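Each chain, written out:
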Amino acid sequence: MPNTLSTHLDKLTRTLVYLLLFLLPLFFLPITLESLEINKQTLLVVLTLTASLSWIGSMVAKQHFDLRAGWLNAIPLLGLGTTTSSAISSPAPYLSWIGGSSQEYMSVTTIFALTILFFVVVNRLHGENEHRTMHGLLLLSAAIVGTHGLVQTFSGNLFNTIGTQNALGVYLACMTVFGCGLLVTIRPD
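Report follows, based on the coordinates. (Residues numbered from 1 in each chain as written. Predicted model: local features only at pLDDT ≥ 70, side-chain atom pairs only at ≥ 80, totals over all residues. Heavy atoms only, no water.)

What follows is about the side chain of Asp10. Along the polypeptide, Asp10 turns up in helix 1 (residues 2–23). With relative accessibility at 12%, the residue Asp10 sits in the buried group. Apart from the residues within four sequence positions on either side, Asp10 is in contact with Ser58, Lys62 and Arg124. (Helix = DSSP H or I, 4+ residues; strand = E, 2+ residues; numbered from the N terminus. Buried < 20%, exposed > 50% of the residue type's maximum accessible area, 1.4 Å probe, protein only. Contact = heavy atoms within 4.5 Å.)

Considering all chains together, one arrives at 5 salt bridges under this definition. The salt bridge involving Asp10 is made with Arg124; its shortest N-O contact spans 3.4 Å. Taken as a pair, Asp10 in helix 1 and Arg124 in helix 5 (residues 108–124) lie far apart in primary sequence, 114 residues in all. The pair formed by Asp10 and Arg124 is uniform in burial state, with each residue classed as buried. In this structure, the salt-bridge partner of Arg14 is Glu130, at a minimum N-O distance of 3.7 Å. Linking Arg14 in helix 1 with Glu130 in helix 6 (residues 128–154), this pair joins segments that are 116 residues apart in sequence. Shared partners join several salt bridges into a network, and the residues in it are Asp10, Arg14, Lys62, Arg124 and Glu130. (Salt bridge = Lys/Arg side-chain N within 4 Å of Asp/Glu carboxyl O.)

The next point concerns the state of the cysteines. Tallied over the full model, the rule gives 0 disulfides. Cysteine Cys174 remains unbridged, with the sulfur of Cys180 as its closest cysteine sulfur at 12 Å. A relative accessible area of 44% means that Cys180 is categorised as partly exposed. (Disulfide = S-S within 2.5 Å.)

Okay, the environment of Leu29 next. Tracing the backbone shows Leu29 in the loop between helix 1 and helix 2 (37–62). Exposure remark for Leu29: the relative accessible area of 31% places this residue in the partly exposed category. Separated by 10 residues in the primary sequence, Leu29 and Asn39 place their C-alpha atoms 6.7 Å from one another. For Leu29, the contacting residues outside a window of four places in its chain are Ser35 and Asn39.

This part takes up unusual backbone geometry. Of note in the backbone geometry, Gln63 takes a positive phi value of approximately 55 degrees without being a glycine. Looking at the element boundaries, Gln63 is found in the loop between helix 2 and helix 3 (74–88). Relative accessible area serves as the criterion here: at 74%, Gln63 is assigned to the exposed category.

Quick look at helix 2 now. Its 26 residues place the ends of helix 2 37 Å apart at the C-alpha level, agreeing with the 38 Å of an ideal helix rising 1.5 Å per residue. Immediately downstream of helix 2, the backbone of Gln63 shows phi near 55 degrees, a positive value. (Expected span 1.5 Å × (residues − 1).)

With that settled, the discussion passes to the packing of helix 3 against helix 5. Interaxial distance between helix 3 and helix 5 falls to 10 Å at its minimum, and their mutual angle equals 165 degrees. If you check the angle between helix 3 and helix 5, you find them roughly antiparallel. The crossing of helix 3 and helix 5 is left-handed. Contacts from Pro76, Leu77, Gly79, Leu80, Thr83, Thr84 and Ala87 of helix 3 reach helix 5 at Val108, Ile111, Phe112, Thr115, Phe118 and Phe119. Across the contact of helix 3 with helix 5, the residue classes tally to 9 nonpolar, 4 polar and no charged. (Axes fitted to C-alpha atoms, helices over the stretch in contact; angles between N-to-C directions. Parallel < 35°, antiparallel > 145°, perpendicular 65-115°, else oblique. Left-handed = near helix turned anticlockwise from the far one by under 90°. Nonpolar A, V, L, I, M, F, W, Y, C, P; charged D, E, K, R; others polar.)

Before going further, it helps to examine the packing of aromatic side chains. The final tally for this structure, using the stated rule, is 2 aromatic pairs. Aromatic pair Phe28 and Phe159: ring centres 5.0 Å apart, planes at 65 degrees, arrangement edge-to-face. A residue pair is termed long-range when its members are at least 10 positions apart, and Phe28 in the loop between helix 1 and helix 2 and Phe159 in the loop between helix 6 and helix 7 (165–185) qualify at 131 residues. Given the relative accessible area of 28%, Phe28 is considered partly exposed. Ring centres of Phe118 and Phe119 lie 5.3 Å apart, and the angle between their planes is 80 degrees; this geometry places the pair in the edge-to-face category. In this structure Phe118 comes out as partly exposed when scored by relative accessible area, which is 23%. For Phe119, a relative accessible area of 14% translates into the label buried. (Phe/Tyr/Trp six-rings, centres within 6.5 Å; stacked < 30°, edge-to-face > 60°.)

Here it is in structure tokens:
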């Protein structure tokens, strides 16, 4: 029973990370006052915490604690520590801890969720097939975002799922460089 539970929780962790990577660039809710930032932050926090809980549950079911060691683990913790120390001494605590007025990406909540996501991805998704799936989902999501942004721009509507037109251009440029890098490193099977 525990082995089966562990397998199911591992699959759930992978599925949640894949879902997050695909949906995050696409996600918006037009029914809210701010349709992008707070909704993307909420999606990031909910899916990341759920994936981390299923990963921890999998380790409990296996009765084996598995954490990849390395000096690279210190970098996200250092970023989280500096963001937290800055928020502690901030004159605007809500903006520092939660974010607001299109500044959610700089909040402690977002940095915390990204740090947790880093550890989940590094420790749970380390196979070559899992990396290919993640990269494919990222590029597919970017293609959908780019197509939607292009159609919206030519129709005279400047709304896209990333933010401003400049943000969309920077995002698509980064994803193009990422895709070209993947293309160069593909090995024939």
